[in-house]
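Geometric and topological summary
Read off the chains here:
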Amino acid sequence: GNSVTQMEGPVTLSEEAFLTINCTYTATGYPSLFWYVQYPGEGLQLLLKATKADDKGSNKGFEATYRKETTSFHLEKGSVQVSDSAVYFCALRGSYKLSFGAGTTVTVRA
Amino acid sequence: NAGVTQTPKFQVLKTGQSMTLQCAQDMNHNSMYWYRQDPGMGLRLIYYSASEGTTDKGEVPNGYNVSRLNKREFSLRLESAAPSQTSVYFCASSEATASGANVLTFGAGSRLTVL
């Protein structure tokens with residue numbers, strides 16, 4: 001079946017540091033890949049997505065590239081801000097439903 | 001622009017009590033979902049409804065029932081609550097039923113504690 005594995009947290013960074021969150025997947029076929037973000041006390045919201053190999057999703061300074069050869073979709077941001085403190089979820093979509101990773105808690109200190 | 005609305009936001013139950021979590025979306029989406037979120041386990045799908053009139057089990061359906069009342073509403077019922085059902089529950093919807101890059105829109109969550 002489909003599954004997603006993402007790096008365990010928590011991750012604590014200083015402002016303007018570089019952030020990488022690793023995500024790898026197992027799936028049949030060619031699933032769409034997503035990163036969702038959950039800010040404190042809120043539901044999840046889409047951060048970015050990619051639908052085919054070599055696609056790069058980007059939003060709010062975050063980027064992730066769909067790498068079929070390594071079955072990966074790592075999330076990166078070059079310079080984080082305190083407002084980026086959140087839980088980040090990698091997800092893949094098979095038929096009808098999303099499979100989520102366990103989530104990575106990121107805390108950015110001023 | 002309400003999106004997905006869940007009620008209640010918080011609920012405390014005693015073991016064996018029943019309750020229903022309500023969810024409504026105003027985006028005319030076909031598909032709706034119920035997830036639970038537990039620490040270190042991410043989100044796990046309880047039930048989903050690909051379209052009005054259909055419901056299917058997800059990864060963790062035991063102890064739950066659902067009703068797709070109409071296109072807008074999808075409720076989750078706990079008939080006899082257990083402490084293992086203490087969790088944060090999220091309802092979500094998406095606009096299409098086929099696989100692809102369909103984005104889910106989530107509600108704000110319902111925190112349930114079973115004593």
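Quick look at the structure, then. Note that the coordinates shown come from a computational prediction; the quantities given were computed from them, not determined experimentally. (Residues numbered from 1 in each chain as written. Chains lettered and ligands numbered in written order. Predicted model: local features only at pLDDT ≥ 70, side-chain atom pairs only at ≥ 80, totals over all residues. Heavy atoms only, no water.)

With that out of the way, let us pick up the sheet that holds strand β3 (residues 19-25) of chain B. Residues and elements named next belong to chain B. Read across the open sheet, the four strands follow the order β1-β3-β8-β7; overall the sheet is antiparallel. Looking at strand neighbours, the two that pair on one side only are β1 (4-7) and β7 (64-68), the edges of this open sheet. Mean inter-strand twist for the sheet, computed between neighbouring axes without regard to direction, equals 15°. Where β1 and β3 come together, four bridges link them in antiparallel fashion. When the bridges of β3 are listed, Thr5 appears paired with Ala24. (Pairing = 2+ DSSP bridges. Helix = DSSP H or I, 4+ residues; strand = E, 2+ residues; numbered from the N terminus. Axes fitted to C-alpha atoms, helices over the stretch in contact; angles between N-to-C directions.)

It is worth spelling out the side chain of Ser49(B) at this point. All names here are of chain B. With respect to the secondary-structure elements, Ser49 resides in strand β5 (residues 42-49). A distance of 2.6 Å separates a polar atom in the side chain of Ser49 from the backbone oxygen of Thr54. Of note is the side chain of Ser49, whose polar atom sits 2.7 Å from the side chain of Arg68. In this view, Ser49 contacts Asn30, Ser31, Met32, Thr54, Thr55, Arg68 and Phe74; residues no more than four positions away in its chain are not counted. (Polar contact = N/O pair within 3.5 Å; in protein donor to acceptor, adjacent residues only side chain to side chain. Contact = heavy atoms within 4.5 Å.)

On to the pattern of salt bridges. Residues and elements named next belong to chain B. Inspection of every chain in the model, using the stated rule, returns six salt bridges over all chains. Of the charged contacts, one joins Arg77 and Glu79 as a salt bridge, the two residues approaching to 3.1 Å between their closest N and O atoms. Of the residues examined, Arg77 reaches a relative accessible area of 28% and is grouped as partly exposed. Linked by salt bridges that have partners in common, Arg36, Asp38 and Arg44 make up one network. (Salt bridge = Lys/Arg side-chain N within 4 Å of Asp/Glu carboxyl O. Buried < 20%, exposed > 50% of the residue type's maximum accessible area, 1.4 Å probe, protein only.)

Below, the discussion takes up the side chain of Gln25(B). Residue and element names in this part refer to chain B. Residue position: Gln25 is located in strand β3. Judged by relative accessible area, Gln25 falls into the buried class, the value being 1%. Within the local environment of Gln25, its side chain forms a polar contact with the backbone nitrogen of Asn28, the two atoms lying 3.2 Å apart. Polar side-chain contacts of Gln25 include one of 3.0 Å to the backbone oxygen of Lys71.

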